[in-house]
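Residue strings, one per chain:
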Amino acid sequence: MQAGLLTIVAGMADAVGYVAMGGVFAANMTGNTVLAGMALGQGDVALAAKRMAPLGTFFLGAMLARLLLRLGRRQAVPLLLEAVVLAVVDFLPIGREPALLLVALAMGLQASAITHFAGTAVSTVVVTSTLARIAEATLDRAWPARHPPPSVVMGPRLLALTWTGYLVGAVAGVLLIAVLPWPLIVPAALLLMVVATL
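Let me begin by describing the structure that accompanies this report.

1. Observations regarding the environment of Leu-184
Here is step 1 of the chain: For Leu-184, the position within the fold is in the loop between α7 (156–179) and α8 (185–197).
Here is step 2 of the chain: Along the chain, Leu-184 and Val-16 lie 168 residues apart, while their C-alpha atoms are 7.6 Å from each other.
Here is step 3 of the chain: Filtering out sequence-adjacent residues up to four positions away, Leu-184 remains in contact with Ala-13, Val-16, Met-21, Leu-86, Ala-87, Val-89, Asp-90 and Val-103.

Here is the structure:
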């Protein structure tokens, strides 16, 4: 349940960030890197810098989560901080680019707050590697190897849940933009549900 809710939060943050905050992702740093590279390839240095800026705040958020975990060893603390950032960012009198940077910071907090579910490492802010692990697990179940595979892959159920959560979150994020003046309040509430389960 935690992994699913966290991926929904990341999907919402990415959708809201991309649609309402200037065409840049809040959680998907791979996407921002590609968008920045494309802008550089087209000679638009200013656009490349705009697309790279969230990488810095995401990085800071991940470092802050790691520090908070070292100091208190409670996963709830960085997730609560993430919830606060998401809950207040829509109310701050700042432009959409600074708002996106704060949401990227929140996603960095999430990326490092909880990295294991049921004893398995799973990212809740990136799904590219998750899709590759689903493919590996599906093949391993459909056609078991005679010799142990090069690495043990967990069952596809948790992986599929995280990918689906990200997709559902993206759909929900776009829908929330249309009906709520403060769409990031919903992922903040979902984070509180996760914290309640820790």
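Following the structure, the description resumes.
2. Quick look at unusual backbone geometry
Here is step 1 of the chain: In this structure, Arg-73 takes a positive phi of about 55 degrees despite not being glycine.
Here is step 2 of the chain: With respect to the element layout, Arg-73 can be found in the loop between α3 (45–72) and α4 (76–89).
Here is step 3 of the chain: According to the relative accessible area criterion, Arg-73 is exposed, its value standing at 71%.

3. What to know about the layout of surface pockets
Here is step 1 of the chain: Counted as a void, the largest pocket has a volume near 150 Å³.
Here is step 2 of the chain: Contributing elements (two or more residues each) for the lining of the largest pocket: α1 (2–20) and α5 (96–113).
Here is step 3 of the chain: The residue inventory of the lining of the largest pocket, partitioned by class, reads eleven nonpolar, one polar and two charged.

4. Some details on the nonpolar core
Nonpolar side chains tend to gather and get buried jointly when the protein is soluble and globular.
Here is step 1 of the chain: Counting residues in each nonpolar core, the largest one holds 42 residues, and the members touching the most others are Leu-79, Leu-86, Val-103 and Met-107.
Here is step 2 of the chain: Those elements that provide at least two residues to this core are α1, α4, α5, α7 and α8.
Here is step 3 of the chain: Ranked by the residues each element gives to this core, the list is headed by α1, at nine residues.
Here is step 4 of the chain: Among all residues touching Leu-86, those that are not within four sequence positions of it are Val-9, Val-103, Ala-106, Met-107, Leu-184, Ile-185, Pro-187, Ala-188 and Leu-191.

5. Quick look at the side chain of Gln-110
Here is step 1 of the chain: With respect to the helices, strands and loops of the structure, Gln-110 is situated in helix α5.
Here is step 2 of the chain: Each residue touching Gln-110, except ones within four places of it in the same chain, is listed here: Leu-6, Thr-7, Val-9, Ala-10, Leu-79, Glu-82, Thr-124, Val-125 and Leu-191.

6. Comments concerning the environment of Ala-13
Here is step 1 of the chain: Here Ala-13 is to be found in helix α1.
Here is step 2 of the chain: Judged by relative accessible area, Ala-13 falls into the buried class, the value being 0%.
Here is step 3 of the chain: Distance in space between the C-alpha atoms of Ala-13 and Asn-28 is 9.6 Å, their sequence separation being 15 residues.
Here is step 4 of the chain: In this structure, Ala-13 is in contact with Ala-26, Val-103, Met-107 and Leu-184, ignoring residues within four places of it in sequence.

Cut-off values and rules
All residue numbers refer to positions counted from 1 along the written sequence of the respective chain. A pLDDT threshold of at least 70 governs which residues receive local features in this predicted model, and a stricter bar of 80 or more applies before side-chain atom pairs are shown or counted, although totals over entire chains, interfaces and linings include all residues. Side-chain measures were taken over the full set of non-hydrogen atoms in the model, leaving aside hydrogen atoms and water. A run of DSSP states H or I qualifies as a helix once it reaches four residues; a run of E qualifies as a strand once it reaches two. Both are numbered from the N-terminal end. Should any heavy atoms of two residues lie within 4.5 Å, those residues are counted as being in contact. Throughout, exposure labels follow a simple rule: accessible area from a 1.4 Å probe, protein chains only, divided by the maximum for the residue type, with under 20% read as buried, over 50% as exposed, and the rest as partly exposed. Here a cavity is any set of points on a 1 Å grid over the protein atoms alone where a 1.4 Å probe fits but cannot get out, and a pocket is any open set with protein on both sides within 12 Å along at least 5 of 7 lines; a residue lines the site when it has an atom within 4 Å of a point. Grid points are joined across faces, edges and corners, and a volume is the space filled by probe spheres set on the points. Classes in brief: Ala, Val, Leu, Ile, Met, Phe, Trp, Tyr, Cys and Pro nonpolar; Asp, Glu, Lys and Arg charged; the others, Gly included, polar. Nonpolar core, defined: a set of buried Ala, Val, Leu, Ile, Met, Phe, Trp, Tyr and Cys residues in which side-chain atoms within 4.5 Å join the residues together.

Purely geometric stuff here, so don't read any function into it on its own.
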